[in-house]
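# Commentary on secondary and tertiary structure
Residue-level listing of the chains:
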Amino acid sequence: MRSSKTIHVISAHAEGEVGDVIVGGVLPPPGETLWEQRRFIAEDQTLRNFILNEPRGGVFRHVNLLVPPKHPEADAAWIIMEPEDTPPMSGSNSICVSTVLLDGGLIPMQEPVTHMTLEAPGGLVRVRAECKDGKAERIFVQNLPSFAGQLDVALEVEGLGSITVDTAYGGDSFVVVDAKALGFEIVESEAKDIAQLGVKITNAANEQLGFHHPETPDWKHISFCAFCGPLSETETGLTGKSAVAIQPGKVDRSPTGTAVSARMALMAARGQMTQGQTFEAESIIGSRFTGRIVDTTTVGGQSAIVPEISGRGWVTGIHQHMLDPSDPWPGGYRLRDTWGA
């Protein structure tokens, strides 16, 4: 078989959400910092198109590029490529990357617990992995500082009228809506409607509300819409269902680690959750992440929490993505039947 390009990938998922990891065949992008490397990937589009577009990718796929870390404390670094964005951080992808690093033998596994420091474009994340019999069974990720944005603001959405929303940052930026108020129970049969409406709400929020990160001025848009169900009390804190709509129109199969962090920041801002309590987040397919507020801090003078999220990841395969020189679609393609508008 001939190929002008071969990219080596270990495929994985975290509680249902795909997060493949490129382990070879791609040189580190130019940039003095990981954020600059992220920007190059986002603007250049070559790697994103090759690996995310069909026929190799699809709207359901996220892909992570391992690169040498820039920070002296980091054991490894990675750049996240989602269908539409190249974000600062991702909870499900950090769990996939950690699982691949340990289960794939890229970082030596220490049983019963392995500690790692990983570098995401948005900053350092501390990882604790519970390991047994050569398998990373559960990954705990101390996420980037997370904070509430605008609370209880009106948003005009075509076809809905005026609705009340929050905005928040949990390693990525969210508009957060009350799922029950919009008629959703967050069950699998609602996935298409949640995906389509979520994109509409996200677009409206970007037009009317916008987003500002006080320490990362490059990140000035809202990425996702989180549909959050009612909260219930547990012995250790709270639990609730949620579903995150991802551009250009899909629902996260996992509970979304950055959404869990953003929701905990909102709950902390409202006095609903305090340090040390847990938040059990359930996804649309019934998978779960556990969140915990481990500390408080500030981001650009704004009150924030230091969240920890945990979940499970599994390796699903090893792939070599190739490009035949005669392939008329070297950058792949997207069709609106699955990729939306």
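Up top is the structure these notes are about.
Below: a short report on this structure. (Residues numbered from 1 in each chain as written. Predicted model: local features only at pLDDT ≥ 70, side-chain atom pairs only at ≥ 80, totals over all residues. Heavy atoms only, no water.)

Now for helix α3 (residues 91-103). If you check α3, its first and last C-alpha atoms are 18 Å apart, about what 13 residues at 1.5 Å a residue would give, namely 18 Å. Among the 13 residues that make up α3, twelve are buried, leaving the element largely enclosed by the rest of the structure. All buried positions along α3 are accounted for by Gly91, Ser92, Asn93, Ser94, Ile95, Cys96, Val97, Ser98, Thr99, Val100, Leu101 and Leu102. (Helix = DSSP H or I, 4+ residues; strand = E, 2+ residues; numbered from the N terminus. Expected span 1.5 Å × (residues − 1). Buried < 20%, exposed > 50% of the residue type's maximum accessible area, 1.4 Å probe, protein only.)

Moving on to the environment of Ala179. Along the chain, Ala179 falls in the loop between β12 (173-178) and α4 (191-208). Residue classification places Ala179 among the buried residues on the basis of a relative accessible area of 0%. C-alpha separation for the pair Ala179 and Phe227, spaced 48 residues apart in sequence, amounts to 4.9 Å. Sequence-distant contacts of Ala179, that is, excluding residues within four places in its chain, are made with Phe184, Ile186, Phe227, Cys228 and Gly229. (Contact = heavy atoms within 4.5 Å.)

Let us now look at a negative patch on the surface. A cluster of like negative charges, contributed by Glu111, Glu130, Asp133 and Glu137, occupies part of the molecular surface. Within the secondary structure, Asp133 sits in the loop between β7 (123-132) and β8 (135-142). Asp133 gets classed as exposed once you look at its relative accessible area, which sits at 68%. (Patch = residues over 30% accessible without salt bridge, like charges linked within 9 Å, V, L, I, M, F, W, Y side chains within 5 Å. Areas by Shrake-Rupley, 256 points an atom, 1.4 Å probe, with all protein chains shown as cover. Salt bridge = Lys/Arg side-chain N within 4 Å of Asp/Glu carboxyl O. Lys, Arg positive; Asp, Glu negative; His and termini not counted. Charge placed at Lys NZ, Arg CZ, Asp CG, Glu CD.)

On to the nonpolar core. In this structure, Trp78, Leu118, Ile201 and Phe227 are the most contacted members of the largest nonpolar core, which totals 69 residues. If we ignore the near neighbours within four places in the chain, the residues touching Leu118 are Ala74, Ala76, Trp78, Val97, Ser98, Leu101, Gly123, Leu124, Val125 and Val127. By size, the runner-up hydrophobic cluster in this structure holds 16 residues, among which are Leu34, Ile41, Val67 and Ile79. (Core = buried A, V, L, I, M, F, W, Y, C linked by side-chain atoms within 4.5 Å.)

Take the environment of Gly24 next. Tracing the sequence through the fold places Gly24 in strand β3 (residues 20-24). Residue class for Gly24 comes out buried when judged on its relative accessible area of 18%. Sequence separation between Gly24 and Ser303 is 279 residues, and the spatial gap between their C-alpha atoms is 40 Å.

This part covers the pairing of strand β6 (residues 113-120). For β6, a buried count of six out of eight residues is recorded, marking the element as mostly surrounded by other parts of the structure. As paired strands, strand β5 (residues 76-81) and β6 are joined by two bridges and run parallel to one another. The residue of β6 that forms the bridge with Ala77 is Glu119. Here β6 pairs with β7 via eight bridges, running antiparallel. Counted as the bridge partner of Thr117 is Arg126 from β7. Counting the residues in the hairpin turn of β6 and β7 gives two residues. (Pairing = 2+ DSSP bridges.)

It is worth spelling out helix α5 (residues 257-269) at this point. An α-helix turns once per 3.6 residues; consequently, residues spaced three or four apart project the same way. Here α5 spans 18 Å end to end across 13 residues, near enough to the 18 Å set by a 1.5 Å rise per residue. In terms of burial, α5 is a largely internal element, eleven of the 13 residues being buried. Three or more residues of α5 are buried, namely Gly257, Thr258, Ala259, Val260, Ser261, Ala262, Arg263, Met264, Ala265, Leu266 and Met267. Following α5 by one or two positions, Gly271 has its phi on the positive side, about 80°.

With respect to the helices and strands, the residue Glu17 is situated in strand β2 (residues 17-18). Residue Glu17 is classed as buried on the basis of its relative accessible area of 1%. Within polar-contact distance, the side chain of Glu17 engages the backbone nitrogen of Arg253 at 2.9 Å. Setting aside its immediate chain neighbours within four residues, Glu17 contacts Ala12, His62, Ser92, Cys96, Ile246, Lys250, Asp252, Arg253 and Ser254. (Polar contact = N/O pair within 3.5 Å; in protein donor to acceptor, adjacent residues only side chain to side chain.)

Distances and angles like these do not, on their own, reveal function.
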